[in-house]
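Now for the letters of each chain:
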Amino acid sequence: MKPRLSLRLMTSVMLLVAMLLCTYIAEAQYKISGTVIDNKNKPVRGANVYLENTIDGGTTDSTGVFRFTTSEKGNQTLVASEVSHEAGGTPIVINGDVSGIVITLKANKAHDLDAVVITAGSFDASNEKNKTVLKPLDIVTTAGAGADVVKAMEMLPGTQKTGADNGMFVRGGDASEAAIVVDEMVIQNAFLSGPPGVSTRSRFGAFNYQGVSFSSGGYSARYGQALSSVLELNTTDLADKSTVNLGVNMAGLYASGVKRWKNSSLDVGGNFTNTSPFFSLATTNVNFYKPPQGGSGNLRYTWKPNKNGILKVSLNTSFSNSGIEIPNPAADDTSTTNIFRGMPAKVQYETNDQYYYSNISYRQFFKAKYMLYTAASFSLDKTDNKFGTLPIKQEDHRLQYRLEGKDYITSRFNVMLGTDVQSYGIGKTFDTFRKSEFTETLVSGYAELEWTPINMMAIRPGVRYEHSTLLNKSYVVPRLSLAIKTGDHSQVSLAGGIFYQNADNNYLLYGYKPDMQRAIHYIANWQYSKNDRLLRLEAYSKKYENLILENSATGYDPNQYRTYFSNPGNNGFGYAHGIELFWRDKKTFKNVDYWITYSYIDTKRKNGNYLFEATPTFVSDHNLNLVGKYFVEKWKTNFSVTYSYASGRPYYDPNYNPATESNFLSGRTPDYHNLAVAVAYLHTFGKWFTVFYVSFDNVTDNHNVFGYRYVKTPSGTYTKSDITPPLYRSIFFGVNMSLTQFSKDEL
């Protein structure tokens, strides 16, 4: 099976576009400087000063002085704005350097100390914005997250603990409803391959990204094909300096290096993982007859051909294999058509995975007023697994191209237009006689504007068009977000829209082509932020329509890996309502940073082969996270503690026969508890800055259960076994060394 679009052609187009953009010749630069004062002749600190209809400008220092350069010439208008003052400006003529400018601003009667920012449904974790909730450094220093970007998102409200499954489960949605994108490009296989019932790490390391934005609903018109949420990762730009990093831990070792030139940098890294030493010391809940092992390599080249443009080229590859024993649900099945009949009660399941990913992108500002972004990516994931002696092979590919432009019409109004084309597909062979495959091409266009009519209000309407060649259908959906200041440090945000998504890949693989599924989001929040303290309260309502529902007369089968389906159509439905809290405080106690998150959800759905409307098996009604960090300067040591709680999940008991609306998915697993502790110590050996770290997960050794497996006995009844994590409790330690000094925030 081949992608419909040529990777070579796509890459050539990207390189051509990049070369054309790089021919942009910088014009002469003129220095603009002056002072901003108030009506009492006092300097105004932190004012934004810029040329109108451009984004050339700067910010005043503590004395009210500003300086910046521009390539603009002739008659211009210089504007100054600061949220506690009324905006002001003055005309200037640029024929050379201009200095000695004085702009006077009048104080607002009811001033706003913080600019309004739309936050409904979105947790911005970018280093570039003031309204930061989590930074990449927070991800690697949070106990229980394991330096995994996706795992760290489970510490935010709206998410569920994954336990034995891969993916992000957000606000009543399953893993397929959450999209993960890197530099605006969709990642098709975001997690390392692993056996059934064992969750694996995501493919993302926090330090490769300068920003992490998590949208739990109501996200931008830029993205589609996600009924619930989008996790957006933005890779780092030009490296600060050349450096070398080395590391060794209980599961392997890694090395990376960065070479920085004047206008470019090259980042190369690799790692090898072998968990045999780790599992030899641990008591596991499953038999790893082949402990997970593998390796990966990455290369990223970054180039700034001019001050307003940046080119990024990334290549990544990885391989892994593992083997565990899993229960055979058909061990005692008397059906003559079940190919698993007669196999042992415990079957060896082996996974082998090869993954390749490449991305090229270019961003350019023209005359500091227009922005053009273009990118292309390609991924290929090949798995060669075995269930006992039966081979299971699968190949996934995705090719994507995106073109996006933005016009900064004024400082308060900009318009974004874009399009993207995605061609992706899956081919699967089970045993030697059954092959299934599909290829889908999605063509999309979107428009979104951002308007700040006054300092206390921001509005972001958008619209998205999407066409599916597989279904031969098109959709147009609206999106809207807005925010209003309610005080010096508080604001209210609203968001909503309609979101479409194809049926689960398993249905498409076997030739079914139901219509797209739909979700409607309504979100409102109130946020208070002052002096490194942030309080956020959010409520949402989500309505599911056109979900895939099988018209089955054979009953409910909880096996998520089943390959038989019964007349799937778009008769499914559901809802999700909830409230969430986020509180973070970095101010009250010296060298202490802590946050609290809580989520409550009420959700039910009827989809898949559900017999009745019910709460899904992956949902806990209540979720709580308490995260704390304390840095001891004298010891150069950072302590991190995380406690997580989740109420019990629904599960299906096949011994209820027949199933009724009152007993269907009526059982509940025990509540989830997890206490994690991490300690990091900084020491210097010559030129090497070294961090020793140790982490303890599930310190209290709580035996968490994420569900149950049932096996039919010869008498016709079912016996159950727990679905648990591979380890109840674990200890992990390692050493990181770098030629670049660590800050205390990185411990």
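Here, the structure is the one placed above.
Criteria and cut-off values
- Sequence order as written defines residue numbering, which begins from 1 separately in each chain.
- The predicted nature of this model means local features are confined to residues of pLDDT at least 70 and side-chain atom pairs, given and counted, to a pLDDT of 80 or more, with totals for whole chains, interfaces and linings taken over all residues.
- With hydrogens and water excluded, all non-hydrogen atoms of the structure serve as input to the side-chain values.
- The numbering of helices and of strands both runs from the N terminus, where a helix is a DSSP run of H or I of at least 4 residues and a strand a run of E of at least 2.
- Relative accessibility under 20% of the residue-type maximum defines a buried residue, over 50% an exposed one, and the middle range a partly exposed one, all with a 1.4 Å probe and only protein chains included.
- Two residues qualify as a contact provided that any one of their heavy atoms is within 4.5 Å of a heavy atom in the partner residue.
- Within this scheme, the nonpolar core is defined by two criteria: the residues are buried Ala, Val, Leu, Ile, Met, Phe, Trp, Tyr or Cys, and they are joined through side-chain atoms within 4.5 Å.
- Between any two strands, pairing holds if DSSP finds at least two bridges.
- For helices, the fitted line uses only the C-alpha atoms of the stretch in contact; every axis is such a line through C-alpha atoms, and the angle between N-to-C directions lies from 0 to 180 degrees.
- Salt bridges are identified by distance alone: a Lys or Arg side-chain nitrogen within 4 Å of an Asp or Glu carboxyl oxygen.
- Centre distance within 6.5 Å is the pairing criterion for rings of Phe, Tyr and Trp, where only the six-membered ring of Trp is used; planes under 30 degrees apart are then read as stacked, over 60 as edge-to-face, and the remainder as tilted.

1. Considering the overall build of the protein
Consideration 1: Along the protein, the regular secondary structure elements total five helices and 38 strands.
Consideration 2: Taken across its 747 residues, the protein has 50% of its residues classed as buried.
Consideration 3: Counting contacts in the protein only where the partners sit at least 6 residues apart, residues at least 24 apart contribute 63% of the total.

2. Concerning the nonpolar core
Consideration 1: Membership of the largest hydrophobic core comes to 33 residues, with the highest contact counts inside it found for Met153, Met168, Ile180, Phe204, Leu231 and Leu233.
Consideration 2: With four residues, the top contributor of residues to this core is helix H3 (residues 149-153).
Consideration 3: In contact with Leu231, other than residues within four places in its own chain, are Val149, Val150, Met153, Met168, Ala179, Ile180, Val181, Val212, Ser213 and Phe214.

3. A closer look at the sheet that holds strand E6 (residues 85-94)
Consideration 1: Strand order across the open sheet formed by four strands is E3-E2-E5-E6, with antiparallel pairing between neighbours. Bordering the open sheet on either side are strand E3 (57-59) and E6, each of which pairs with just one other strand. Within this sheet the neighbouring strands show an average axis-to-axis angle of 15 degrees, counted without direction.
Consideration 2: Alignment of strand E2 (residues 48-51) against E3, held across three bridges, turns out to be antiparallel. Looking across to E3, one finds that Val49 is bridged to Gly58.

4. Remarks on the pattern of salt bridges
Consideration 1: Evaluation of the coordinates by the stated rule reveals 21 salt bridges.
Consideration 2: Put simply, Glu580 and Arg171 hold a salt bridge, and the shortest N to O gap is 2.8 Å. One end of the pair, Glu580, is in strand E28 (residues 568-585); the other, Arg171, is in the loop between H3 and strand E9 (178-182), and 409 residues separate them in sequence. An identical accessibility class is assigned to Glu580 and Arg171; each is buried.
Consideration 3: Taking the shortest distance from any N to any O, the salt bridge between Arg464 and Asp420 comes out at 3.6 Å. Remark: Asp420 occurs in strand E21 (residues 413-430) and Arg464 occurs in strand E23 (residues 457-468); sequence separation between them is 44 residues. Like Arg464, the residue Asp420 is buried in the burial classification.

5. Some details on the environment of Ser322
Consideration 1: Relative to the helices and strands, Ser322 resides in strand E17 (residues 309-327).
Consideration 2: Its relative accessible area of 4% is what places Ser322 among the buried residues.
Consideration 3: With sequence-adjacent residues up to four places away left out, Ser322 is seen in contact with Pro195, Lys290, Pro292, Tyr349, Glu350 and Thr351.

6. Re the sheet that holds strand E7 (residues 98-105)
Consideration 1: Across the sheet, which stays open at both edges, the three strands sit in the order E4-E1-E7 with mixed pairing between neighbours. The open sheet has two free edges, formed respectively by strand E4 (65-70) and E7, since each of these has just one partner strand. Between one strand axis and the next, the sheet turns by 30 degrees as a mean value, whatever way the strands run.

7. Overview of the pairing of E9
Consideration 1: Burial within E9 is extensive, with five of its five residues counted as buried.
Consideration 2: Along E9, one buried face is formed by Ala178, Ile180 and Val182 and the opposite face, lined by Ala179 and Val181, is buried too.
Consideration 3: Two strands pair when backbone bridges link them, and E9 and strand E12 (residues 229-235) are joined in this way by five bridges, in the parallel orientation. Across the sheet, Val181 pairs through a bridge with Glu232, a residue of E12.
Consideration 4: Here two bridges tie E9 to strand E10 (residues 185-186), and the two strands are oriented antiparallel to one another. Within E10, the residue paired with Val182 across the bridge is Met185.
Consideration 5: The hairpin formed by E9 and E10 contains two residues between the paired strands, and Asp183 there has a positive phi angle of roughly 50 degrees.

8. Looking at the packing of aromatic side chains
Consideration 1: Evaluated as defined, the whole model comprises 20 aromatic pairs.
Consideration 2: Centre to centre, the rings of Tyr475 and Tyr500 are 4.5 Å apart; their planes meet at 35 degrees, and the pair counts as tilted. With Tyr475 in strand E24 (residues 473-485) and Tyr500 in strand E25 (residues 490-501), this pair connects stretches of sequence that are 25 residues apart.
Consideration 3: Taking the relative accessible area as the measure of exposure, Tyr475 reaches 10% and is therefore buried.
Consideration 4: Of the residues examined, Tyr500 reaches a relative accessible area of 17% and is grouped as buried.
Consideration 5: On the numbers, 5.8 Å between centres and 45 degrees between planes, the contact of Tyr672 with Phe706 is tilted. One end of the pair, Tyr672, is in strand E34 (residues 672-685); the other, Phe706, is in the loop between strand E35 (688-697) and strand E36 (707-712), and 34 residues separate them in sequence.

9. A closer look at the environment of Ala239
Consideration 1: Turning to its location among the elements, Ala239 is positioned in the loop between E12 and strand E13 (243-249).
Consideration 2: Once residues lying within four places of it in the same chain are set aside, the contact partners of Ala239 are Val258, Arg260 and Ser265.

10. Describing the environment of Tyr672
Consideration 1: The exposure class of Tyr672 is buried, given its relative accessible area of 16%.
Consideration 2: Spatially, the C-alpha atom of Tyr672 lies 9.2 Å from that of Ser620, the residues being 52 residues apart in sequence.
Consideration 3: Apart from the residues lying within four places of it in its own chain, the contact partners of Tyr672 are Lys161, Ser644, Tyr645, Ala646, Asn704 and Phe706.

Nothing here speaks to function; it is all geometry.
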